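The primary structure of each chain is shown beneath.
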Amino acid sequence: MAVAWQHEAPDWFRGSFQPIRHGETIFIGGNGLLALDKNTGQRQFSVPGPYHSPPTIASTSIYQTATLGITGPAGIYGLNASGGQALPFTDHRLGGQRWSGPHSSTPGFFEPTEAATPITANGLIYSALPGTNDLVAVNPNSGDIQWQQSSPKDEASSNMYNRPAVYDGIVFVTAWPYQVTAYSARTGDQHWHREISDQMVLPPVATDEGVVIQTRESVQLRAHSDGALLWERTLDGNATDSTPAVADGTIFVADEQESLHALSLSTGQTQWTAPFDGRTTPVVAEDRVYCVDSLWALKAFDRNTGEQQFEYHPSEVPLSPPIVGDGILYLANRSQVLALEEA
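On a predicted model such as this, the values are computed, not experimentally measured, just so you know.

1. Observations concerning the pairing of strand 33 (residues 328-333)
Counted residue by residue, strand 33 has six buried out of six residues, so it is predominantly covered. Across the two faces of strand 33 the burial is the same, with I328, Y330 and A332 and L329, L331 and N333 all buried. Looking at chain direction, strand 32 (residues 323-325) and strand 33 are connected through three bridges and run antiparallel. Residue pairing for strand 33: V324 is matched across the bridge by L329. Where strand 32 folds back onto strand 33 in an antiparallel hairpin, the turn is made up of two residues, including D326, whose phi is positive at roughly 55 degrees. Hairpin connection of strand 33 to strand 34 (residues 336-341): two residues between the antiparallel strands, including R334 at a positive phi of 60 degrees.

Dropping the structure here:
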């Protein structure tokens, strides 16, 4: 790989969250928000603030531009996707933050080790509410709560929900210990709840076949309608901080022991296994699977065979999961943002 461009971020930036792309702009969160031109890396605007997650893009009905939903240790925020109005002769902007949405009443002395990752679907922003056991759906125009639900196991010992997944009007969420829950995306009414056998439950992936759920030791597929177990594949893993990816009937998942697996979505059977010893969130694009190994090295595998095609080590760590577009990989890299192309 070769560096297509490299952006030196402001001193306040701390990048390890996955970027998103909207039109010609790359947005990256990390102690604030950066907006960069996707072709050149030139900064369009930056907004420092308590923003510590990947952003999500949401259309609005009262603004001419979209809203970026993003979370911090104490709550959820809505930012202007155009950056607001720059003040002449200063680095400040007006209207960069549109709203400050629901907040935790007791965020704690220390901020969460991982920020909640919001998603957009059905005209709403869905996210775990940092520092709580709650899931919220908020209006991207105002940040007002459309509905809010607490974990069925609402105890101090239970953890914040993982990043949700939405499919066909249902929001699927998981949380430690044992929990998998489905809510109506429109009303927040509980659709079903299951307690599974493994305490450690990682973020779900919603597919046409069902909901893919990774636990510490296994991967399973559950039915959309009632959460019934369709199949379970034991990997003898020790996964605590990975998320599967699904593309064209194949699940790509790391066991955080020594392997990256490609499993059939319909049966759970192994298609290939490749050496890989860290945590990761795979990204699939065309004929490759991209994985950042424990935040420090980017590896690419042939999606059909598992053969490793390259490995890239950045000058700084941690390194975010990439996004891919027009043959370019975009990654956040602590104090930099990188665009990589094939040499």
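2. Here we look at the sheet that holds strand 1 (residues 2-8)
The strand order across the open sheet formed by four strands is 1-34-33-32, and the pairing between neighbours is antiparallel. The two strands at the open ends of the sheet, each matched to only one other strand, are strand 1 and strand 32. Geometrically, the sheet is characterised by an average inter-axis angle of 20 degrees between neighbouring strands, direction not taken into account. Relative to strand 34, strand 1 runs antiparallel, the two being bridged by six bridges. Bridging from a neighbouring strand, V3 pairs with L340 of strand 34.

3. Notes on the confidence of the model for the chain
On average, the chain scores 92 in pLDDT, and the residues at 70 or more come to 94%. For residues 108-113, every residue scores under 50 in pLDDT, and the model assigns this stretch three contacts once sequence neighbours within four places are set aside.

4. Remarks on the pairing of strand 5 (residues 43-48)
Across five bridges, the pairing between strand 4 (residues 32-37) and strand 5 is antiparallel. By the bridge assignment, L36 is partnered in strand 5 with R43. Where strand 4 folds back onto strand 5 in an antiparallel hairpin, the turn is made up of five residues, including G41, whose phi is positive at roughly 80 degrees.

5. Some thoughts on the layout of surface pockets
Volume-wise, the second largest pocket comes out at about 200 Å³. Lining the second largest pocket are M1, A285, E286, D287, R288, Y290, V324, D326, G327, L329 and E342. Grouping the amino acids of the lining of the second largest pocket by side-chain chemistry returns five nonpolar, one polar and five charged.

6. Some thoughts on the packing of aromatic side chains
Scanning the model with the defined rule gives ten aromatic pairs in all. Where F27 meets F45, the ring centres are 6.3 Å apart and the plane angle is 55 degrees; that geometry is what we call tilted. Placement of F27 in strand 3 (residues 25-29) and of F45 in strand 5 is noted, with a sequence separation of 18 residues between them. As far as burial versus exposure is concerned, F27 and F45 are alike and both buried. Aromatic pair F252 and W272: ring centres 6.1 Å apart, planes at 45 degrees, arrangement tilted. Residue F252 is found in strand 25 (residues 250-254), and its partner W272 is found in strand 27 (residues 270-275); the two are separated by 20 residues along the sequence. Of the two residues, F252 and W272, neither departs from the other in class, the shared state being buried. A connected cluster of aromatic rings, assembled from ring pairs, spans Y126, W147 and Y183. When the ring centre of Y63 is taken as reference, the NZ or CZ atom of R98 above it lies at 3.8 Å.

Scoring rules and cut-offs
Residues numbered from 1 in each chain as written. Predicted model: local features only at pLDDT ≥ 70, side-chain atom pairs only at ≥ 80, totals over all residues. Heavy atoms only, no water. Buried < 20%, exposed > 50% of the residue type's maximum accessible area, 1.4 Å probe, protein only. Helix = DSSP H or I, 4+ residues; strand = E, 2+ residues; numbered from the N terminus. Pairing = 2+ DSSP bridges. Axes fitted to C-alpha atoms, helices over the stretch in contact; angles between N-to-C directions. pLDDT = per-residue confidence, 0-100. Contact = heavy atoms within 4.5 Å. 1 Å grid on protein atoms, 1.4 Å probe; cavity = no way out; pocket = protein on both sides within 12 Å on 5 of 7 lines; lining within 4 Å. Points joined across faces, edges and corners; volume = space filled by probe spheres on them. Nonpolar A, V, L, I, M, F, W, Y, C, P; charged D, E, K, R; others polar. Phe/Tyr/Trp six-rings, centres within 6.5 Å; stacked < 30°, edge-to-face > 60°. Lys NZ or Arg CZ within 6 Å of the ring centre and 35° of its normal.

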